[in-house]
Amino acid sequence: MVAIRGSLVALLVTLTWITTARGGIITSPASLTQTTYDFVIIGGKHFTKVFVRYVRLTNPLRVLTGGTAGCCRRELECQIPFLGVALPGTILDWNYTTKAQSGLGGRTLPYTRGHVLGGVVLSTSRIVAPADGHDTTGQLTPSAHGNGPVEVSVPGFPSELDPLVINTSKQLGGRFAFNQDLNAGSSVGIGYMQSSIGEGKRSHAATAYLTPALTRPNLDVLINTQVTQLIHSSMKGNTPVFQVAEVAQGPNAQRYQVKASKEIILSAGVIGTPQILLLSGIGPKNDLNKNGIGSLVDNAFVGKNLTDHPLVPNYFLVNSTQTFDNVLRDSNVFGADLQQWLSSAQGLFVDSPGNTQGYLRLPATADIFKTFGDPQLIFVDGFAQFGPTAQPATGNYMTILTAVVSPVSRGSVSLASSNPFTNPVIDPAALTSDFDIFAMVQAMKDAQSFIQASAWKNFVIQPLGDLANANTDASKAAFARSVAVTVNHPAGTASMSPANANWGVVDSNLLVKGASGLRVVDASVFPHLPECHIQAPVYIVAERAADIIKNTYGL
């Protein structure tokens, strides 16, 4: 939870987990010295940190952050870019599992959501040198970027795939044309990955926004605490007014209440936000009644419209000894690379596994695609395990991740029970649209066409496993359904719509429709999933919300 005291008082209840305390960190709601604040901000997402940065300009800010796991300011897996993919399934993950996916042959998927103080940024970011300090001329456009606190860089450890990918894009042109900077206004083409990494370490909301404020005497952080429901304290005509958040440290623990004199800001993420709304009586009336929850705001759209980018890993055996495969197989090799990062912040571990990526236009001749968007390719110099396929014990591999960035499939988040400590039912409905399957098959074809260029001669030996026999559209579709996962870019479960529209959950000021004193600021407000990695759009929403709140209250 985040509490703000002084001339302005607020409370943030985040669903973040931390193992250590320092400065103004409080470990139990029983230790709070007050229970009424100007704002109660629920969730440890991007908005929390942006709000801290913005409001501090004119007001003393006291922030109280709560949650129940490890803190990414200290865990090596959070600091080391290469190890970020190792976080799923740990205490830093909510460890959600989806319901059986009809579009994936009945498979369930682990659904990773960060359980940390931070977050997974272009107006809020600034370009910094890559870890190895190489000349980045031709790899990005510095003038297209801002001067914010989040550090962004191109890869700082070259991969053998980099020249192959870039030279092929320049050779082929057309749909595969090289793009010097995919974040400079035109996001179509193939170019270098830009990641929130500085000096070989991950840069995120906690390190960029919140950590610098933790030494303030007017900032407290409450940890190991979860919101159980929002309580309406009064009625404004027929509209319930929400001013109270109930919190607890476990299903059988004592429950506490904190009050917001101005408003509650819900920033609990695409899964947490609809779950809290539903637990609080805001959502489809029939669904609430089935769980024994009284309906305060009958809104059929809460928890609906869940959208995520489906992803298929395409593996190829390659003629190389430079891939990172042995790092994952041999603890001695892994240890040497880890020691290099610890001693000098250099080497393989300074980057996430993919150095290059591409966003492609679908073929103009494919009529079914004209209404929709485009696929994405990410090139990885090694076996990047996504989905059910395990890393082979021998051999060197390349992974091309194919994704559909404008999926039509729509899923939902719903309650499994009225117990706030029971995970909700998560259904991304992956690959349930014919379009999504067609687009994925096209992306797989594009990946295979791309590596037929002359630059790849004698490098690619053959596809791995069933991909080698997926020679028709139908067999490619079947393969995709058997191995697909999601990119973990969910959005849309509290969609924004015009104030007078009869659909959606929040209006253009992010205020919850049918309620008073309640605002949502996270990726759940997107009515459509952005055709990109959604970190920057989430920061855009957070910064805009901070401006709206500042102007509303004259902060």
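Bear in mind the structure is a predicted one, so any value in this text is a computation, not a measurement.

This part covers the overall build of the protein. When its secondary structure is counted, the protein shows 11 helices and 27 strands. Counting across all 555 residues of the protein, residues that qualify as buried make up 59%. When the accessible surface of the protein is split by element, carbon and sulfur atoms take 50% of a total near 20,900 Å².

Moving on to the sheet that holds strand β23 (residues 411–414). If you walk across this open sheet you meet the 3 strands as β18-β23-β24, and the pairing is antiparallel. Each edge of the open sheet is held by one strand with a lone partner, namely β18 (304–306) and β24 (425–427). Between one strand axis and the next, the sheet turns through 35 degrees on average, direction left out of account. Bridging between β23 and β24 involves 3 bridges; their strand directions are antiparallel. By the bridge assignment, S414 is partnered in β24 with V425. The strands touched by helix α5 (residues 269–279) within the sheet are β18, β23 and β24, with β23 carrying the most contacts at an inclination of about 50 degrees.

Here the focus is the environment of V525. Its place among the elements puts V525 in the loop between β27 (518–520) and α11 (535–553). We classify V525 as buried; its relative accessible area is 0%. If sequence neighbours within four positions are ignored, V525 has contacts with A494, S495, M496, V506, L510, V520 and V541.

With that settled, consider the environment of P530. Looking at where P530 falls in the secondary structure, it is placed in the loop between β27 and α11. The contact partners of P530, leaving out residues within four places of it in the chain, are H309, V405 and P537.

A full pass over the atoms with the stated rule returns 6 salt bridges. As a salt-bridge pair, D38 and K262 come within 3.0 Å of each other at their nearest N and O atoms. Here D38 falls in the buried class, since its relative accessible area comes to 10%.

This paragraph deals with the packing of helix α9 (residues 434–450) against helix α10 (residues 473–483). Here α9 crosses α10 at 105 degrees, and the two axes come no closer than 9 Å. Judged by the inter-axis angle, α9 sits roughly perpendicular to α10. Together, I437, M440, V441, M444, K445 and Q448 of α9 and D473, K476, A477, F479, A480 and R481 of α10 make up the contact between the two elements. Tallied by class, residues from the contact of α9 with α10 come to 7 nonpolar, 1 polar and 4 charged.

Judged by which residues are buried, β23 turns out to be one-sided: G411 and V413 face inward and are buried, whereas S412 and S414, on the alternate face, are not. In this sheet, β23 lies alongside β18 in antiparallel orientation, the contact comprising 2 bridges. Note that in β23 the partner of K304 across the bridge is S412.

For the rest of this paragraph, the subject is helix α8 (residues 331–344). The terminal C-alpha atoms of α8 lie 20 Å apart, and with 14 residues this matches the ideal 20 Å at 1.5 Å per residue to within 8%. Of the residues making up α8, those classed as buried are D337, L338 and W341. Down the axis of α8, the buried side of the element spans an arc of 100 degrees, and every buried residue falls inside it. Every exposed residue of α8 that faces more than 90 degrees away from the buried side is listed here: N332 and S343. The inward-facing, buried residues of α8 contact α2 (76–79), β11 (201–202) and α7 (325–329). A345 sits one or two residues past α8 and shows a positive phi near 55 degrees.

To continue, consider the confidence of the model for the protein. Averaged over all residues, the pLDDT of the protein is 86; the fraction at 70 or higher stands at 84%. Confidence drops under pLDDT 50 across residues 65–71; counting only partners more than four residues distant or on other chains, this segment forms 51 contacts. Scored below 50 in pLDDT, residues 119–123 makes 15 contacts in the model with residues more than four places away or belonging to other chains.

Definitions and cut-offs
Residues numbered from 1 in each chain as written. Predicted model: local features only at pLDDT ≥ 70, side-chain atom pairs only at ≥ 80, totals over all residues. Heavy atoms only, no water. Helix = DSSP H or I, 4+ residues; strand = E, 2+ residues; numbered from the N terminus. Buried < 20%, exposed > 50% of the residue type's maximum accessible area, 1.4 Å probe, protein only. Areas by Shrake-Rupley, 256 points an atom, 1.4 Å probe, with all protein chains shown as cover. Pairing = 2+ DSSP bridges. Axes fitted to C-alpha atoms, helices over the stretch in contact; angles between N-to-C directions. Contact = heavy atoms within 4.5 Å. Salt bridge = Lys/Arg side-chain N within 4 Å of Asp/Glu carboxyl O. Parallel < 35°, antiparallel > 145°, perpendicular 65-115°, else oblique. Nonpolar A, V, L, I, M, F, W, Y, C, P; charged D, E, K, R; others polar. Expected span 1.5 Å × (residues − 1). Arc of directions from axis to C-beta. pLDDT = per-residue confidence, 0-100.

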